Amino acid sequence: MAIHGQTKNQYRALRAMAIESWELRSNQPIDEITPDSISHNQKKNDWPSLNTRICNCTACDLHVHRIQAVCGAGNVNADCLIIGEAPGAEEDGKGEPFVGPAGMLLNEMLSSIGLDRNVVFVANILKCRPPQNRDPSLTEIAKCLPYLEEQIALIDPKLIIAVGRIAAQSLLNSNQAIGRMRGEIYQYGKNHIPLVVTYHPAYLLRSPAQKAKSWNDLLLAHNILNQVN
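Source: prediction; values computed, not measured.

Undergrad: Looking at this structure, I do not really get the sheet that holds strand S2 (residues 80-84). What am I missing?
TA: Strand pairing in a sheet relies on backbone hydrogen bonds, with the paired strands running either antiparallel or parallel. Across the sheet, 6 strands lie side by side as S1-S3-S2-S4-S6-S5; this open sheet has mixed pairing. At either end of the open sheet lies a strand with only one pairing partner, and these are strand S1 (73-74) and strand S5 (186-188). Direction of pairing for S1 relative to strand S3 (residues 121-124): antiparallel, over a ladder of 2 bridges. Directly across from Gly74, in S3, lies its bridge partner Phe121.

Here's what the structure looks like:
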């Protein structure tokens, strides 16, 4: 089988996702992004303070149940920011987002479009795990979202990928089903950061037939990054 526009590593990643080889679509235009005014030195100084505030946060009752807050992980100067819903049990224990089987699949998804986990930043809407991994409440989201907004301002990414229904609805202030939100390029915040929506890796593990749709979302993300770089 021919490999169209893909490196061998990307091809192996697609095979791991149980997706056949696909050809990248042409780039799609997006609006110009206005750079954030935060300087590089200011960013470096603000991260420790922000992480300390997150780790010590008691704004909602979730702090009572957590082992530790999960601030986020990765490159603080990343072009691509991945945002999920909330930490699970493994993340709560390790203090890192997207670990375990879902994290491994996320790594494969990123690799399929030529991204390594170390070059992106990965965060969640909530920094603490909801008990029994239930959906976050609107109050919990409202209390925690300002931390994520600070992270977005510090990173100033060129692209946001929202994975899962909760992340997409929270970032876009929408109640639409995720199936209706996919396939579009949204603009987030005052800098009009391009944002695309895809399924959460944990959902894809339960519903592998949806992986092909997620691959199309990743192609859209890939094209956006090509356009802005």
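Undergrad: Would you take a moment to explain the pattern of salt bridges for this structure?
TA: Note that side chains of opposite charge can pair when their charged atoms are close. Applying the stated criterion to the full structure yields 5 salt bridges. Taking the shortest distance from any N to any O, the salt bridge between Glu140 and Arg134 comes out at 2.7 Å. Using a relative accessible area of 9% as the deciding quantity, one classes Glu140 as buried. Here Asp135 makes a salt bridge to Arg165, at a shortest N to O gap of 2.8 Å. Taken together, the residues span a long stretch of sequence, with Asp135 in the loop between S3 and helix H6 (138-155) and Arg165 in helix H7 (residues 165-172) at a distance of 30 residues.

Undergrad: Looking at this structure, I do not really get the nonpolar core. What am I missing?
TA: Within soluble globular proteins, side chains that are nonpolar tend to cluster in buried spots. Core analysis: the biggest nonpolar cluster contains 62 residues, and Ile82, Ile83, Ile160 and Leu171 have the highest contact counts within it. Here the element with the most residues in this core is H6; it accounts for 8 residues. If sequence neighbours within four positions are ignored, Ile83 has contacts with Ala123, Asn124, Ile125, Leu148, Ile152, Ile160, Ile161, Ala162, Val163, Ala167 and Leu171.

Analysis parameters
- Every chain begins its residue count from 1, and numbering advances along the sequence as written.
- Residues qualify for local features only when their pLDDT is at least 70, as the model is predicted, and side-chain atom pairs are given and counted only at 80 or more; totals for whole chains, interfaces and linings, by contrast, use all residues.
- Calculated side-chain values reflect all of the structure's heavy atoms, with hydrogen atoms and water omitted.
- Strands are labelled as partners when DSSP assigns at least two bridges between them.
- Put simply, DSSP marks the helices as runs of H or I at least four residues long and the strands as runs of E at least two long, and each gets a number from the N terminus on.
- Any carboxyl oxygen of Asp or Glu within 4 Å of a side-chain nitrogen of Lys or Arg constitutes a salt bridge here.
- Only protein chains enter the accessibility calculation, which uses a 1.4 Å probe; a residue is then buried when its area is under 20% of its type maximum, exposed when over 50%, and partly exposed in between.
- Residues enter a nonpolar core if they are buried and are Ala, Val, Leu, Ile, Met, Phe, Trp, Tyr or Cys, with the set joined through side-chain atoms within 4.5 Å.
- Residues are treated as being in contact if the distance between any of their heavy atoms lies within 4.5 Å.

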